[in-house]
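Residues per chain, in single letters:
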Amino acid sequence: VENHRTEVLVVLAGYEDKMADFVRADPGLARRFPYALRLPDYSPGDIARIAKGYASDRMGIAFEDGLEDALAQWLGSNMERLQASRHNGGLAVNLTEQALGRMADRLVASA
């Protein structure tokens, strides 16, 4: 990388605390990667929108009217408890998969 600085673009991505640990692991890394782009965590509305898209695109399940807004509101009250900043988009996937798993359990139990 050092000899091809103008020809190569290297992007390192991760949670801010983990990336800081990584860069501190070798004194030369901070010099080699002098720029950092910090992106904000997803908002409750963002996570609800991701969950809706995941349910539809990956699982073929449509959210009922108002569910995205209700999920965003619930997330707004529970972001800290869920440690949303540690999961971001993965939280949307996990919540959707858990909800669909519970839905499947209810369907089996009522059959």
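Residues numbered from 1 in each chain as written. Predicted model: local features only at pLDDT ≥ 70, side-chain atom pairs only at ≥ 80, totals over all residues. Heavy atoms only, no water.

## Regarding the nonpolar core
Then step 1. One finds I47, L71, L75 and L91 to be the most contacted residues of the largest nonpolar core, which totals 14 residues.
Then step 2. Ignoring sequence-local partners within four residues, the contact set of L75 consists of P44, I47, A48, L82, L91 and L95. (Core = buried A, V, L, I, M, F, W, Y, C linked by side-chain atoms within 4.5 Å. Buried < 20%, exposed > 50% of the residue type's maximum accessible area, 1.4 Å probe, protein only. Contact = heavy atoms within 4.5 Å.)

## Overview of the packing of helix α3 (residues 44–59) against helix α4 (residues 67–78)
Then step 1. Put simply, α3 and α4 touch, their axes get as near as 8 Å, and they point 135° apart. Taken together, α3 and α4 sit at an angle that is classed as oblique. Note that α3 runs across α4; the crossing there is right-handed. Facing α3, whose interface residues are P44, G45, I47, A48, R49, A51 and K52, α4 presents E68, L71, A72, L75 and G76.
Then step 2. A breakdown of the residues in the contact of α3 with α4 according to their chemical character gives seven nonpolar, two polar and three charged. (Axes fitted to C-alpha atoms, helices over the stretch in contact; angles between N-to-C directions. Helix = DSSP H or I, 4+ residues; strand = E, 2+ residues; numbered from the N terminus. Parallel < 35°, antiparallel > 145°, perpendicular 65-115°, else oblique. Left-handed = near helix turned anticlockwise from the far one by under 90°. Nonpolar A, V, L, I, M, F, W, Y, C, P; charged D, E, K, R; others polar.)

## Brief notes about the packing of α3 against helix α5 (residues 89–110)
Then step 1. Close contact between α3 and α5 brings their axes to 8 Å; oriented N to C, the two are set at 55°. In this view, α3 runs oblique relative to α5, as classed from their interaxial angle. For the element pair α3 and α5, the recorded crossing hand is right-handed. Within the contact between the two elements, α3 uses I47, I50, A51, Y54, A55 and M59 and α5 uses G89, L91, A92, V93, T96, E97 and L100.
Then step 2. Of the residues in the contact of α3 with α5, the class split is ten nonpolar, two polar and one charged.

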